Amino acid sequence: MVLTERRSAPISPVAVKASAGATEHLRIARVVNLVRALEELKRQNLWIIGLDERGTADYDQFDLTGDCVIVLGREGAGLHELVRRTCDHLLRIPMAGGVSSLNVSAAGAVVLYEAFRQRRNAAHVGTAAGAPSKGAAASKPKKQKGLGS
């Protein structure tokens, strides 16, 4: 998780309690400049995926099985314009009715679960197609890093 040092909520004891201990299992980086951090992640061959109601593709139609960073904006304001331009792709969550967007925690949960679902399905397809197992014992499936593992 990458957070900016300024203009972002701190990881306070209240936030840790609300996370039900999940913060203890995350690497959290505080950066001065988010755009520079995203550019560095691009240089490390990660796709930068922004979540924005003005996105061009629906989140569930996008392949989230590769190495990627999901960028969430501020409540109400969304992604800063420079951050939006830094993203390789902008995804949206299609909404019905009069509500145009979700709050950032709900939107993040929806998209992170979709990434987990896609990765789990890809892992099951890989094990179902199956590489020949060595010996009589079946090999254990590889444990995925992150996203609920």
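Engineer: Just to check I follow, could you spell out the overall build of the chain for this structure?
Structural biologist: Secondary structure summary: the chain contains 4 helices and 6 strands in total. Each helix and strand of the chain, ordered N terminal to C terminal, gives the series β-α-β-α-β-β-β-α-β-α. Burial status across the chain gives 23% buried among its 149 residues. Sequence-distant contacts in the chain: of pairs separated by 6 or more residues, those separated by 24 or more amount to 71%. In the structure as shown, the chain presents an accessible area of about 10700 Å², 56% of it carried by carbon and sulfur atoms.

Engineer: Even after reading the chapter, I still don't get the environment of E53, so can you show me in this structure?
Structural biologist: Assignment of secondary structure puts E53 in the loop between β3 (47–51) and β4 (57–58). Residue class for E53 comes out partly exposed when judged on its relative accessible area of 49%. Once the C-alpha coordinates of E53 and L91 are considered, the two residues, 38 residues apart in sequence, prove to be 7.5 Å apart. For E53, the residues in contact, after removing those within four places along its chain, are R92, S100 and S101.

Engineer: Looking at this structure, how should I read the side chain of R119?
Structural biologist: With respect to the helices and strands, R119 occurs in helix α4 (residues 104–129). An unpaired buried charge is present at R119: no salt bridge exists, and D67, the closest side chain of opposite charge, is 5.8 Å distant. Among the polar contacts listed, one links the side chain of R119 to the backbone oxygen of G66, at a separation of 2.8 Å.

Engineer: Looking at this structure, how should I read the sheet that holds β4?
Structural biologist: What links the strands of a sheet is backbone hydrogen bonding, and the strands pair in either a parallel or an antiparallel sense. Within the open sheet, the 4 strands sit side by side as β4-β6-β3-β5. Their pairing is parallel. The open sheet has two free edges, formed respectively by β4 and β5 (68–71), since each of these has just one partner strand. For β3 and β5, the ladder comprises 4 bridges, and the chain directions are parallel. Residue pairing across strands places I48 opposite V69, the latter belonging to β5.

Engineer: What exactly am I supposed to notice about the packing of aromatic side chains here?
Structural biologist: One pair of aromatic rings is described through two measures. These are the centre distance and the angle between the planes. Evaluated as defined, the whole model comprises 1 aromatic pair. With 5.8 Å between their ring centres and 50 degrees between their planes, Y113 and F116 make a pair best called tilted. Of this pair, Y113 and F116 are both found in helix α4, 3 residues apart, which corresponds to roughly one turn of the helix. A residue is classified by how much of its surface remains accessible, and Y113, at 46% relative accessible area, is partly exposed.

Analysis parameters
- Residues numbered from 1 in each chain as written.
- Predicted model: local features only at pLDDT ≥ 70, side-chain atom pairs only at ≥ 80, totals over all residues.
- Heavy atoms only, no water.
- Helix = DSSP H or I, 4+ residues; strand = E, 2+ residues; numbered from the N terminus.
- Buried < 20%, exposed > 50% of the residue type's maximum accessible area, 1.4 Å probe, protein only.
- Contact = heavy atoms within 4.5 Å.
- Areas by Shrake-Rupley, 256 points an atom, 1.4 Å probe, with all protein chains shown as cover.
- Lys, Arg positive; Asp, Glu negative; His and termini not counted.
- Salt bridge = Lys/Arg side-chain N within 4 Å of Asp/Glu carboxyl O.
- Polar contact = N/O pair within 3.5 Å; in protein donor to acceptor, adjacent residues only side chain to side chain.
- Pairing = 2+ DSSP bridges.
- Phe/Tyr/Trp six-rings, centres within 6.5 Å; stacked < 30°, edge-to-face > 60°.

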